Amino acid sequence: MAAFSHENAMLVGMTLPFARPEISALPPYVPGATAAAGSGPPVKLSSNESPFGPLPSVVGAMGAGLATVHLYPDMFATTLTGRIAQRLAVEPDQVVVAGGSVAVLAHLLQAYCSVGDEVVFAWRSFEAYPILTRLVGATVVAIGLDSDLRHDVTAMAAAVTPRTRVVLLCSPNNPTGPALRRTDFEAFMAAVPRTVLVVLDEAYVEFVRDPEVVDGLAALAAHPNLVLLRTFSKAYGLAGLRVGYAVGGAEVVAPIRACVTPFSVSSLAQAAAVASLDVEDELFARVDRVVAERARLTAALEDLGWNLTDAQGNFVWLDVGEDALGLAAHLRAQPRPILVRPFGGEGVRITVGDVVNTDLLVEALARWPGGH
Ligand SMILES: *Cc1c(COP(=O)(O)O)cnc(C)c1O
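Rules and cut-offs
- Residues numbered from 1 in each chain as written.
- Predicted model: local features only at pLDDT ≥ 70, side-chain atom pairs only at ≥ 80, totals over all residues.
- Heavy atoms only, no water.
- Phe/Tyr/Trp six-rings, centres within 6.5 Å; stacked < 30°, edge-to-face > 60°.
- Helix = DSSP H or I, 4+ residues; strand = E, 2+ residues; numbered from the N terminus.
- Buried < 20%, exposed > 50% of the residue type's maximum accessible area, 1.4 Å probe, protein only.
- Lys, Arg positive; Asp, Glu negative; His and termini not counted.
- Salt bridge = Lys/Arg side-chain N within 4 Å of Asp/Glu carboxyl O.
- Polar contact = N/O pair within 3.5 Å; in protein donor to acceptor, adjacent residues only side chain to side chain.
- Contact = heavy atoms within 4.5 Å.
- Near = heavy atom within 4 Å.
- Areas by Shrake-Rupley, 256 points an atom, 1.4 Å probe, with all protein chains shown as cover.
- Nonpolar A, V, L, I, M, F, W, Y, C, P; charged D, E, K, R; others polar.
- Patch = residues over 30% accessible without salt bridge, like charges linked within 9 Å, V, L, I, M, F, W, Y side chains within 5 Å.
- Core = buried A, V, L, I, M, F, W, Y, C linked by side-chain atoms within 4.5 Å.
- Pairing = 2+ DSSP bridges.
- Axes fitted to C-alpha atoms, helices over the stretch in contact; angles between N-to-C directions.
- Parallel < 35°, antiparallel > 145°, perpendicular 65-115°, else oblique.
- Right-handed = clockwise from strand over helix to strand, strands pointing away.

Draft legend 1. How the structure looks around the packing of aromatic side chains. This model, assessed by the stated rule, comprises 9 aromatic pairs. With centroids separated by 6.0 Å and ring planes inclined at 55°, the aromatic side chains of Phe232 and Tyr245 adopt a geometry described as tilted. Of the two residues, Phe232 sits in the loop between β7 (226–231) and β8 (244–248) while Tyr245 sits in strand β8, which places them 13 residues apart along the sequence. Taking relative accessible area as the criterion, Phe232 reaches 2% and is therefore assigned buried.

Written out as structure tokens, the structure reads:
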């Protein structure tokens, strides 16, 4: 291919600077629906957010920080990084904090992938994965889930080639729900070369109750090519503040730290995350409430004839195929509109909220005339 020249570009009629071709070819990231036309206040179950507002002490910590927002935040989020490390019993140089775990993943891919490198992940999984992979010019290798909508780790390991730099494992898998079992994880790790970086995205780890599921933290010591992604957005209820982190071996995470946009975690976000670590007991009691609602919701849906996947996150997956958009429209048309996340032709992901959310949802699904 000839090198770019402005003369040639203008000869073929180009009149404006143009971005890399990968950019215009990106699939759009579809955020969960936020507003609806119905009469009552909407029930937002479309983005896997916490149903609970921030705890008073967390609001207080942010309030105290307001007086100093004319100053730049601590670029390395030193206090927060230290507190996370202490909490996880690792060293601070094993932790990298950035503006949400999606940003951490973007930096990780920047650090490890160039054009033509391959990134393997399961599909359907988190919709940020193909976007972030293509943003760095790397090639998407998407491996279908198995019949239980779990990662097919055998097929994923078989898809690793000399061009594979990164494998993304999502546990629990967004949007289908199951988490990765320890036996599957260990079989996978044994089958891939140690020069492949394996990322275990544990955004929903606090909601897992299946004892067979891999504990990423416990697995780190045995696997130097493993990095975990964790977030304050889900169990800690700070989605609006954007704080997430990676944990792994110091040498493996250092290149990620080098890619983090300077000062991208605001001082208020750092303060709120530290304050949240101080009140984990209260936050985890809330997680328990969501897990209890998950059990109540899945039991009620099974009574209605739904055949559900194993939901280990704060969401359930309704495998309705071609009815996905119709079901989302049905829920949106309720007296209190219920907002969910449909994946056209595949299914609908619904966030588990509080008791009222569950009751409204079960009533609305009992009125659904379509298939299960
Ligand atoms: C919600 C979610 C995240 C968290 O993203 P943040 O950028 O930390 O808000 C990461 N991975 C998955 C699979 C998620 O569903």
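Now that the structure has been shown, the text picks up again.
Draft legend 2. Quick look at the side chain of Arg349. Take Arg349: it is sitting in strand β12 (residues 347–351). The side chain of Arg349 sits in the buried core without any salt bridge; Glu127 is the nearest counter-charge, 5.8 Å away. Here Ser46 takes part through its backbone oxygen, which lies 2.8 Å from a polar atom of the side chain of Arg349. Dropping the residues within four chain positions of it, Arg349 is found in contact with Leu45, Ser46, Ser47, Asn48, Asn174, Pro175, Phe315, Val316, Trp317, Val340, Arg341 and Phe343.

Draft legend 3. Quick look at the pattern of salt bridges. Enumeration over the complete set of coordinates arrives at 14 salt bridges. Glu49 is paired through a salt bridge with Lys44; the nearest N and O atoms lie 2.8 Å apart. In this structure Lys44 comes out as partly exposed when scored by relative accessible area, which is 30%. The partner of Arg83 in a salt bridge is Asp278, with the nearest N and O atoms 3.0 Å apart. On the criterion of sequence distance, the pair formed by Arg83 in helix α4 (residues 78–88) and Asp278 in helix α11 (residues 267–278) is long-range, its members being 195 residues apart. Arg83 gets classed as partly exposed once you look at its relative accessible area, which sits at 24%. A residue is classified by how much of its surface remains accessible, and Asp278, at 52% relative accessible area, is exposed. Among the charged side chains, a network of salt bridges with common partners joins Asp117, Arg163 and Arg165.

Draft legend 4. Summary view of the site of the ligand. With respect to spatial proximity, 13 residues lie near the ligand, and among them Tyr204, Thr231, Ser233, Lys234 and Arg242 are the closest. Contact between the ligand and Tyr204: an oxygen atom at 2.6 Å from a side-chain N or O atom of the residue. Within the side chain of Thr231, a nitrogen or oxygen atom sits 2.6 Å from an oxygen atom of the ligand. About the coverage of the ligand: the protein hides 93% of its 380 Å² of free accessible area. Classifying every residue of the shell around the ligand by side-chain character gives 5 nonpolar, 5 polar and 3 charged.

Draft legend 5. Focus on a nonpolar patch on the surface. Taken together, the side chains of Phe4, Leu11, Val12, Met14 and Phe18 make up a nonpolar region of the molecular surface, amounting to roughly 560 Å² of accessible area. Mapped onto the elements of the fold, Val12 is located in the loop between α1 (6–11) and α2 (21–24).

Draft legend 6. Representation of the nonpolar core. Membership of the largest hydrophobic core comes to 88 residues, with the highest contact counts inside it found for Leu80, Phe188 and Phe232. The biggest single contributor to this core is α11, with 7 residues. Apart from residues no more than four positions distant in its own chain, Phe232 is found in contact with Leu80, Ile84, Gly237, Leu238, Ala239, Val243, Tyr245, Ala273 and Leu277. Listed in part, the 28 residues of the second largest apolar core include Val96, Val227, Ala246 and Ile256.

Draft legend 7. Structural detail: the sheet that holds strand β11 (residues 341–343). In space, the 3 strands of this open sheet follow the order β9-β12-β11, with antiparallel pairing throughout. In this open sheet, the two strands that pair with only one neighbour each are β9 (315–318) and β11. On average, adjacent strands in this sheet sit at an angle of 20° to one another, irrespective of strand direction. Examined bridge by bridge, β9 and β12 share 4 bridges and lie antiparallel to one another. For Val316, the partnering residue across the bridge sits in β12 and is Ile350.

Draft legend 8. Expanded view of the packing of helix α12 (residues 280–303) against helix α14 (residues 355–366). It is the contact of α12 with α14, at a shortest axis distance of 10 Å, that shows an interaxial angle of 10°. The orientation of α12 with respect to α14, classified from their angle, is roughly parallel. Between α12 and α14, the contacting residues are Glu293, Arg296, Leu297, Ala300 and Leu301 on the first element and Val355, Thr358, Asp359, Leu361, Val362 and Leu365 on the second. Its residues assigned to classes, the contact of α12 with α14 shows 7 nonpolar, 1 polar and 3 charged.

Draft legend 9. Region of interest: the pairing of strand β4 (residues 139–144). Pairing of strand β3 (residues 118–123) with β4, which is carried by 6 bridges, proceeds in the parallel orientation. Note on β4: the bridge partner recorded for Val120 is Val141. Between the parallel pair β3 and β4, the chain is carried across by helix α6 (residues 128–135), and the sense of this crossover is right-handed.

Draft legend 10. Inspection of the environment of Leu149 at higher detail. Here Leu149 lies in the loop between β4 and α7 (153–158). We classify Leu149 as buried; its relative accessible area is 16%. Setting aside anything within four residues of it in sequence, one finds Leu149 in contact with Asn173, Thr176, Pro178, Thr309, Trp317 and Asp319.

Draft legend 11. Layout of the environment of Asp215. With respect to the secondary-structure elements, Asp215 resides in the loop between β6 (197–201) and α9 (216–220). Through-space distance from the C-alpha of Asp215 to that of Arg182 is 7.5 Å; in sequence the pair is 33 residues apart. In this structure the side chain of Asp215 is engaged in a polar contact, spanning 3.1 Å, whose partner is the backbone nitrogen of Leu217.

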